[in-house]
Amino acid sequence: MIQIRKAGERGRSRLSWLESYHTFSFGQYYDPQHQGFRTLRVINEDRVQPGQGFGTHSHRDMEIISYVLDGALEHRDSLGNGSVIRPGDVQLMRAGTGVTHSEYNPSSEDLVHFLQIWILPDEQGLAPAYEQRHFPVEARRNGLRLIVSPDGRDGSLRMHQDAELYAAVLENGQSVTHEFAGGRHAWVQVIRGRIRLNGLSLQEGDGAALSDEPQAEMTADSEAELLVFDLG
């Protein structure tokens with residue numbers, strides 16, 4: 001079974017410095033039919049104006065992943081981490097018992113466009129932690145590159161949940177297939193371009209929940225970038 005979440009049906013928040021689209025309920029946006037999928041709780045697509053950002057705020061008991069599409073995002077946290085992440089960089093912050101952080105666009109000219117993803121951890125009260133890694137486009141081109149996993153294999157970032165996150169950048173006409181173990185579920189998020197997922201058309205910003213499907217076959221109908229979440 002595949003259920004499509006169209007880009008135009010997402011929640012939207014707009015401030016003078018921020019435009020954000022919410023795949024699932026978040027903040028002031030509430031949709032009882034879309035409050036997450038399995039352990040996946042948040043996919044926010046954010047565009048932040050130059051020199052603006054999210055001031056210091058707190059999180060706890062959440063695995064928080066940032067995936068930059070365009071521009072640069074500056075991160076500082078109460079663990080002492082400070083970095084600027086750019087396209088190809090993936091950041092994982094384990095909020096655990098509690099962490100405060102800020103996220104800003106350090107550019108005076110360019111927007112930053114990124115996804116923020118929240119996944120529930122497999123237990124509460126974990127020690128906060130931070131990881132960042134670069135996954136060059138060549139490693140994601142026309143293939144599924146594992147970027148986050150429970151065991152950190154193949155150079156992926158390690159999260160505390162029975163879930164895996166893959167990224168792919170596809171040339172027009174190229175296909176990738178991900179096979180699922182029994183009882184697994186998946187969410188596919190199209191970041192750019194157009195694809196067909198098991199024959200169904202998806203466009204930029206669309207997502208899809210898969211259950212009781214043996215595999216996900218994704219074929220690009222244009223240059224495309226996507227994420228695949230393999231979920232318990």
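Because the structure is predicted, anything quoted here is derived from the model rather than measured.

Undergrad: Mind showing me how you'd approach unusual backbone geometry here?
TA: Note: most residues except glycine have negative phi, and most peptide bonds are trans. Although it is not a glycine, arginine 38 adopts a positive phi angle of roughly 55°. Along the chain, arginine 38 falls in the loop between strand E3 (18-22) and strand E4 (40-48). At aspartate 154, a position not held by glycine, the phi torsion is positive, near 55°. Taking the relative accessible area as the measure of exposure, aspartate 154 reaches 58% and is therefore exposed.

Undergrad: How should I be thinking about the pattern of salt bridges in this particular structure?
TA: Close approach of charged atoms lets side chains of opposite charge pair. Applying the stated criterion to the full structure yields 16 salt bridges. Close ionic contact of glutamate 45 with arginine 10 constitutes a salt bridge, the shortest N to O distance being 2.9 Å. Linking glutamate 45 in strand E4 with arginine 10 in the loop between strand E1 (2-5) and strand E2 (11-14), this pair joins segments that are 35 residues apart in sequence. For arginine 10, a relative accessible area of 12% translates into the label buried. Note that aspartate 162 and arginine 184 form a salt bridge whose closest N and O atoms lie 2.8 Å from each other.

Undergrad: Explain the nonpolar core here, please?
TA: In summary, soluble globular proteins display a tendency toward joint burial of nonpolar side chains. Formed by 26 residues in total, the largest nonpolar core has its most connected members in Leu40, Tyr67, Ile147, Val148, Trp187, Leu227 and Phe229. When residues of this core are traced back to their parent elements, those giving at least two are E4, strand E6 (63-70), strand E9 (89-94), strand E11 (112-119), strand E13 (145-149), strand E15 (163-170), strand E17 (185-192) and strand E22 (224-231). Excluding its chain neighbours within four sequence positions, the residues that come into contact with leucine 40 are Phe24, Ile117, Trp118, Ile119, Trp187, Phe229 and Leu231. Listed in part, the 20 residues of the second largest apolar core include Ala216, Ala220, Leu226 and Val228.

Undergrad: Would you explain the sheet that holds E15 in this entry?
TA: Hydrogen bonding along the main chain pairs the strands of a sheet, whether they run parallel or antiparallel. As summarised here, the arrangement of the 7 strands in space is E1-E20-E17-E22-E15-E13-E14, forming an open sheet in which the pairing is mixed. The open sheet terminates on both sides in strands that have one partner only, identified here as E1 and strand E14 (157-158). Where E13 meets E14, 2 bridges bridge the pair, whose relative direction is parallel. Each bridged residue has a counterpart across the sheet, and for valine 148 the counterpart in E14 is leucine 157.

Undergrad: Explain the sheet that holds strand E21 (residues 215-220) to me, please; I cannot follow it from the model alone.
TA: Strands sit in the order E16-E21-E18-E19 across an open sheet of 4 strands; the sheet is antiparallel. Edge positions in the sheet fall to strand E16 (175-179) and strand E19 (200-203), since each has one partner strand and no second. Neighbour-to-neighbour, the strand axes of this sheet turn through a mean angle of 25°, independent of strand direction. As paired elements, strand E18 (residues 194-197) and E21 share 3 bridges and run antiparallel to each other. The residue bridging leucine 197 from the neighbouring strand is methionine 218, located in E21.

Definitions and cut-offs
- Residues numbered from 1 in each chain as written.
- Predicted model: local features only at pLDDT ≥ 70, side-chain atom pairs only at ≥ 80, totals over all residues.
- Heavy atoms only, no water.
- Helix = DSSP H or I, 4+ residues; strand = E, 2+ residues; numbered from the N terminus.
- Buried < 20%, exposed > 50% of the residue type's maximum accessible area, 1.4 Å probe, protein only.
- Salt bridge = Lys/Arg side-chain N within 4 Å of Asp/Glu carboxyl O.
- Core = buried A, V, L, I, M, F, W, Y, C linked by side-chain atoms within 4.5 Å.
- Contact = heavy atoms within 4.5 Å.
- Pairing = 2+ DSSP bridges.
- Axes fitted to C-alpha atoms, helices over the stretch in contact; angles between N-to-C directions.

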